[in-house]
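A closer look at the structure
If you want the building blocks of each chain, they are given just below.
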Protein chains: 2
Amino acid sequence: MAIGIQITLNERLFLRDPQRTELGKKIIKHSILLIDEIGFEAFTFKKLAKRMSSTEASVYRYFENKHMLLLYLVSWFWEWVAYLIDIHTMNISNPVHKLKIIISTLVFASKENPSIEYVNESVLHRIIIAEGSKAYHTKAVDDENQEGLFLNYKTLVNKVAQVVLDIQPEFPYPRALASNLFEMSNNHIYFAIHLPRLTDVHVQDDSYDEVEKMLEFFASKMLGIQTSK
Amino acid sequence: MAIGIQITLNERLFLRDPQRTELGKKIIKHSILLIDEIGFEAFTFKKLAKRMSSTEASVYRYFENKHMLLLYLVSWFWEWVAYLIDIHTMNISNPVHKLKIIISTLVFASKENPSIEYVNESVLHRIIIAEGSKAYHTKAVDDENQEGLFLNYKTLVNKVAQVVLDIQPEFPYPRALASNLFEMSNNHIYFAIHLPRLTDVHVQDDSYDEVEKMLEFFASKMLGIQTSK
DNA sequence: GCCCCATAATAGTATTACTATCTTGTGACT
DNA sequence: AGTCACAAGATAGTAATACTATTATGGGGC
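Residues numbered from 1 in each chain as written. Chains lettered and ligands numbered in written order. Predicted model: local features only at pLDDT ≥ 70, side-chain atom pairs only at ≥ 80, totals over all residues. Heavy atoms only, no water.

Describing the overall build of chain A
Stated precisely, the cut-off is as follows: A run of H or I in DSSP counts as a helix once it spans at least four residues, and a run of E counts as a strand once it spans at least two, with each numbered from the N terminus. Throughout, the radius of gyration refers to the C-alpha atoms, and the reference size of a globule is 2.2 Å times the residue count to the power 0.38. Here, two residues are considered to be in contact whenever any of their heavy atoms come within 4.5 Å of each other. Only four residue types enter the tally: Lys and Arg on the positive side, Asp and Glu on the negative side, with His and both chain ends excluded. Just so you know, the charge point we use is NZ for Lys, CZ for Arg, CG for Asp and CD for Glu.
If you tally the helices and strands in chain A, you get ten helices and zero strands. For chain A, the α and β elements follow one another from N to C terminus as α-α-α-α-α-α-α-α-α-α. Relative to the globule expectation of 17 Å for 229 residues, the C-alpha radius of gyration of chain A, 18 Å, shows essentially globular dimensions. Here the analysis covers contacts within chain A between residues at least 6 apart in sequence; of these, 69% occur between residues at least 24 apart. The centroid of the 25 positive side-chain charges in chain A is displaced by 4 Å from the centroid of its 28 negative side-chain charges.

A short note on the protein's contact with DNA strand C
Spelled out, the test is: Put simply, a residue is near a molecule or strand once any heavy atom of it comes within 4 Å of that molecule or strand. Polar contacts, as used here, are pairs of N or O atoms within 3.5 Å; protein pairs need one atom able to donate a hydrogen and one able to accept it. Residues neighboring in sequence count only if both atoms are side-chain atoms.
Around DNA strand C there are 18 residues in total, and Glu56 and Tyr60 of chain A together with Arg16, Ser54 and Tyr62 of chain B lie nearest to it. In this structure, lysine 47 of chain A approaches DNA strand C through a side-chain N or O atom, which is 3.3 Å from a phosphate oxygen. For the surface near DNA strand C, the secondary-structure elements that each account for two or more residues are α3 (56-60) of chain A together with α3 (56-60) of chain B. Looking at the surface near DNA strand C, the element that brings in the most residues is α3 of chain A, giving three residues.

Describing the protein's contact with DNA strand D
Using the following cut-off: Three categories are distinguished: nonpolar for Ala, Val, Leu, Ile, Met, Phe, Trp, Tyr, Cys and Pro, charged for Asp, Glu, Lys and Arg, and polar for the others, with Gly belonging to the last.
Around DNA strand D, 17 residues are found, and the nearest of them are Arg16, Ser54, Arg61 and Tyr62 of chain A together with Glu56 of chain B. The sugar-phosphate portion of DNA strand D accounts for 66% of its atoms within 4 Å of the protein, the bases making up the rest. Between DNA strand D and lysine 47 of chain B, the relevant distance is 3.3 Å, taken from a phosphate oxygen to a side-chain nitrogen or oxygen of the residue. Between a sugar or linking oxygen of DNA strand D and a side-chain N or O atom of tyrosine 60 of chain B, the distance comes to 3.0 Å. Breaking the surface near DNA strand D down by element, the ones donating at least two residues are α3 of chain A together with α3 of chain B. The biggest single contributor to the surface near DNA strand D is α3 of chain B, with three residues. In the surface near DNA strand D, the residues fall into five nonpolar, six polar and six charged.

A closer look at the packing of aromatic side chains
Our working rule: Whether two aromatic rings pair depends on their centres lying within 6.5 Å, for rings of Phe, Tyr and Trp, where Trp uses its six-membered ring; planes under 30 degrees apart make the pair stacked, over 60 edge-to-face, and the rest tilted. Under the scheme applied here, a residue whose accessible area is under 20% of the maximum for its type counts as buried, over 50% as exposed, and between as partly exposed, the area being computed with a 1.4 Å probe on protein chains only. We call a charge positioned above a ring when the Lys NZ or Arg CZ atom is no farther than 6 Å from the ring centre and deviates by at most 35 degrees from the ring normal.
All chains considered together, the criterion is met by 32 aromatic pairs over all chains. When the centroid spacing of 6.4 Å and the interplanar angle of 40° are considered together, the rings of tyrosine 136 of chain A and tyrosine 190 of chain B count as tilted. Taken together, the residues span two chains, with tyrosine 136 of chain A in the loop between α6 (121-131) and α7 (141-146) and tyrosine 190 of chain B in helix α9 (residues 174-194). Since its relative accessible area comes to 7%, tyrosine 136 of chain A is described here as buried. Looking at tyrosine 190 of chain B, the relative accessible area reads 3%, which means it is buried. Through a chain of ring-to-ring contacts, the aromatic side chains of Trp76, Phe77, Trp78, Trp80, Tyr153 and Phe182 of chain A assemble into a single cluster. A cation over a ring is seen here: arginine 16 of chain B above tyrosine 62 of chain B, with NZ or CZ 5.6 Å from the ring centre.

Structure (structure tokens):
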């Protein structure tokens, strides 16, 4: 099942392509686990190297710094979600149905059958939820954007915006609706777990059903479509 | 005009109340300016002290670390927005009208007549937009939440959620709608400036009219109310 | 005139965020 | 079989960060 999936990322995200070597894959694998455990602020290349039984200097040969590594993980995640959306909506022509599938793909990204052994998609999803926004809340955002480091996310948002326009060609804020669905999904999962008074949904274990229902509700209200049973 | 405004904040946010001393006020004032200039990651107490012609050790007597200082600034900002909303909606009984005022207060928070000399509200608004979400995206979020460090924001969100319920008592997601309005406001101002493909609105200089219009559109769609001219 | 206490001045530590250099081991090519 | 290339390991070193501790100074109140 892992065959055929290729996640292609901007080459400027890394110094040496981590997908091409064993050490590279180990860096991806363990950085996901370690960031999830101790948080991005406390995460350092030294700790990562120790955990992997490698050295700091070796990690630095793959990524310029931990910010670039985060950017890499975030890009990887969105590229993966885009891939999932593509295969799930491939044969769907009804855009309303398509949007519904997009929402559930997004919310349940972590539950998909893992496709690549060195990436724990479920843990990566948690990282995106907790740390994802730090990838673009930086002083370097404009330079990095110019280098195309956010292309994956922007492409995905625009893909969804196109579906919105297919549903309602005159809708005035297709991209804002699309990006808001993505941001809301992450935010409200996070709120439900850590700041429950900021939301109305609940999550238990890793069941995000209520989040999905809420996003469907919001989307259908925005686009004036019937909520299907 | 500065008379009578008192911003009261959780005492656990600081070690010594910065509002009570000259040095404290200088810390608030210059930290706002410096974080805006160099970004939160590059910001250090040493640089702040140098800028203020004080010492690192003195700053540490007021705030445990830079994260607590950010939390303080964020709380200050939301408390201030809550205050503005209160005075602007004081005599309004129609909840639809109230919500509209809330949206414009939120979007134009930075344009309000400055009330406290040591806080540049316009610059502070920029910080909230660019760095605000880092205040709660931390491993310590649960502990800090338990200590009440996010109360200001949660209270504000719930105040707006109550207005939503006044408009539509059966609305299933009042808090999510409220928090989403706040998050969207900040996000889309940021997107418009740095990642324009993630939104449909534009901002020029500090004119956020399009953001206001969009939030009104979203809110009225969600609540099924007429968009007023 | 003395006490209190905030601030300044200074120093010191562990960790972070790197950069540099040198060695070793493997695989590929001749 | 020999050497070449090159990735990774080992080691060291530097400047900055994130603090903590100690002592000195100076002004306001009693």
